[in-house]
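Coordinates in review
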Amino acid sequence: MMDTQLLEAFIAVAESGSFSVAAERIHVTQPAVSKRIAQLEDILECRLFDRIARSVTLTEAGEALMPRAHQILQAFADTRQAIHDLSGEISGRLRLAISHHIGLHRLPPILKQFAQQHPSVTIDVDFMDSEKAYEGILHGHFEVAVITLAPQPHPKIEARIIWPDPLVFMVADDHPLTKEQRPSLQTLCNHPAILPGLGTYTGRMARAVFEEQRVPLPATMATNYLETIKMMVSIGLGWSLLPESMLESGLQAIDIPDVHIERQLGYIHHREKSLSNAARAFIQLLDRETS
């Protein structure tokens with residue numbers, strides 16, 4: 001029999017590259033971690049780590065075990081939660097992926113209300129880019145993700161729009177673009193830009209707008225954190241495309257005729273994965289935002 005604690009220790013060492021760090025991560029002693037790894041290697045009859053000087057790296061067998069270890073632990077956790085949910089009780093662990101912007105500006109009241117209504121639920125939140133959250137949902141790492149929705153639907157993912165999010169071109173109050181009588185995309189290209197990475201959904205929207213009008217998108221400074229972009233815009237380092245909700249004192253929107261850009265914020269979950277009672281209760285709170 002393979003104890004799930006052995007796999008937890010294996011994953012902790014593999015991801016941290018250190019027996020001591022792994023011990024801190026899973027709250028046991030370093031000798032206990034070493035013992036669990038040795039037991040796992042005995043069961044599988046192979047070496048899982050190469051230990052050279054202070055370096056700990058996966059062997060070929062360890063590399064092969066890594067994704068399977070995640071799958072086994074996830075299946076065990078899902079099974080335990082499913083059996084527990086038969087009682088109808090809303091408790092256990094709720095694994096969420098949340099984009100940084102939504103986590104700061106949209107979700108705090110909802111998370112607070114959920115925590116107050118369901119104190120027996122442990123909320124486990126990972127903040128990440130929306131694109132990575134999709135991968136996390138597909139691989140079963142999270143039950144629900146609250147993010148910028150992908151422009152194209154995915155056959156295995158259920159998506160629901162909660163907040164339409166208009167985007168506007170934005171500059172500092174003293175930026176030269178504020179003096180333009182008839183600004184255009186070509187006008188924007190004459191000034192530095194600060195945009196989300198072009199691999200993000202928001203970055204792709206910006207690129208698509210310029211491509212549709214056959215205007216080359218200028219070289220840009222890029223960061224995926226909208227709050228960082230807003231700060232850089234506010235001190236005059238360039239223009240950007242940001243949510244209209246971020247417009248505040250010191251910033252000014254630049255209206256480009258016939259250009260309307262809107263992204264969709266909402267939640268996703270896997271169509272083929274049974275949701276826990278906690279996940280269903282959380283989704284009900286999100287759905288109330290649209291009513």
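Residues numbered from 1 in each chain as written. Predicted model: local features only at pLDDT ≥ 70, side-chain atom pairs only at ≥ 80, totals over all residues. Heavy atoms only, no water.

Let's talk about the layout of surface pockets
What counts here: The rule is simple: put a 1 Å grid over the protein atoms alone, call a set of points where a 1.4 Å probe fits but cannot get out a cavity, call an open set with protein on both sides within 12 Å along at least five of seven lines a pocket, and count a residue as lining if it has an atom within 4 Å of a point. Grid points are joined across faces, edges and corners, and a volume is the space filled by probe spheres set on the points. Strands here are runs of E lasting at least two residues and helices are runs of H or I lasting at least four, both read from the DSSP assignment and numbered beginning at the N terminus. Basically, the charged four are Asp, Glu, Lys and Arg, the nonpolar ten are Ala, Val, Leu, Ile, Met, Phe, Trp, Tyr, Cys and Pro, and anything else, Gly included, counts as polar.
Its boundaries defined by the atoms lining it, the largest pocket holds a volume of some 960 Å³. Lining the largest pocket are 30 residues, with Leu73, Gln74, Ala77, Arg93 and Arg95 positioned closest to its centre. Of all the secondary-structure elements, those providing two or more residues to the lining of the largest pocket are helix H1 (4–16), helix H2 (19–26), helix H4 (60–85), strand E3 (92–98) and strand E4 (121–127). Top contributing element to the lining of the largest pocket by residue count: H4, with 11 residues. Per-class residue counts for the lining of the largest pocket are 10 nonpolar, eight polar and 12 charged.

Looking at empty space enclosed by the protein
Applying the stated criterion across every chain, the model contains one cavity of 30 Å³ or more. The space that makes up the largest cavity amounts to roughly 210 Å³. Around the largest cavity, the lining comprises 15 residues; the ones closest to its centre are Ser130, Thr148, Thr202, Asn224 and Arg263. Only helix H5 (100–105), helix H7 (130–138) and helix H9 (201–212) provide two or more residues apiece to the lining of the largest cavity. When grouped by side-chain class, the residues that make up the lining of the largest cavity number four nonpolar, eight polar and three charged.

Observations concerning the packing of aromatic side chains
What counts is decided by this rule: Ring pairs are drawn from Phe, Tyr and Trp, using the six-membered ring of Trp, whenever the two centres fall within 6.5 Å, and their geometry is named by plane angle: stacked under 30 degrees, edge-to-face over 60, tilted for the rest. Relative accessibility under 20% of the residue-type maximum defines a buried residue, over 50% an exposed one, and the middle range a partly exposed one, all with a 1.4 Å probe and only protein chains included.
Summed over all chains, the structure comprises six aromatic pairs. Ring geometry for Tyr134 and Tyr201: centres 5.8 Å apart, planes at 85 degrees, overall edge-to-face. Of this pair, Tyr134 sits in helix H7 while Tyr201 sits in helix H9, and the two are 67 residues apart along the sequence. Pair check on accessibility: Tyr134 and Tyr201 agree, each one buried. Put simply, the rings of Phe10, Phe19 and Phe49 pair up and form one aromatic cluster.

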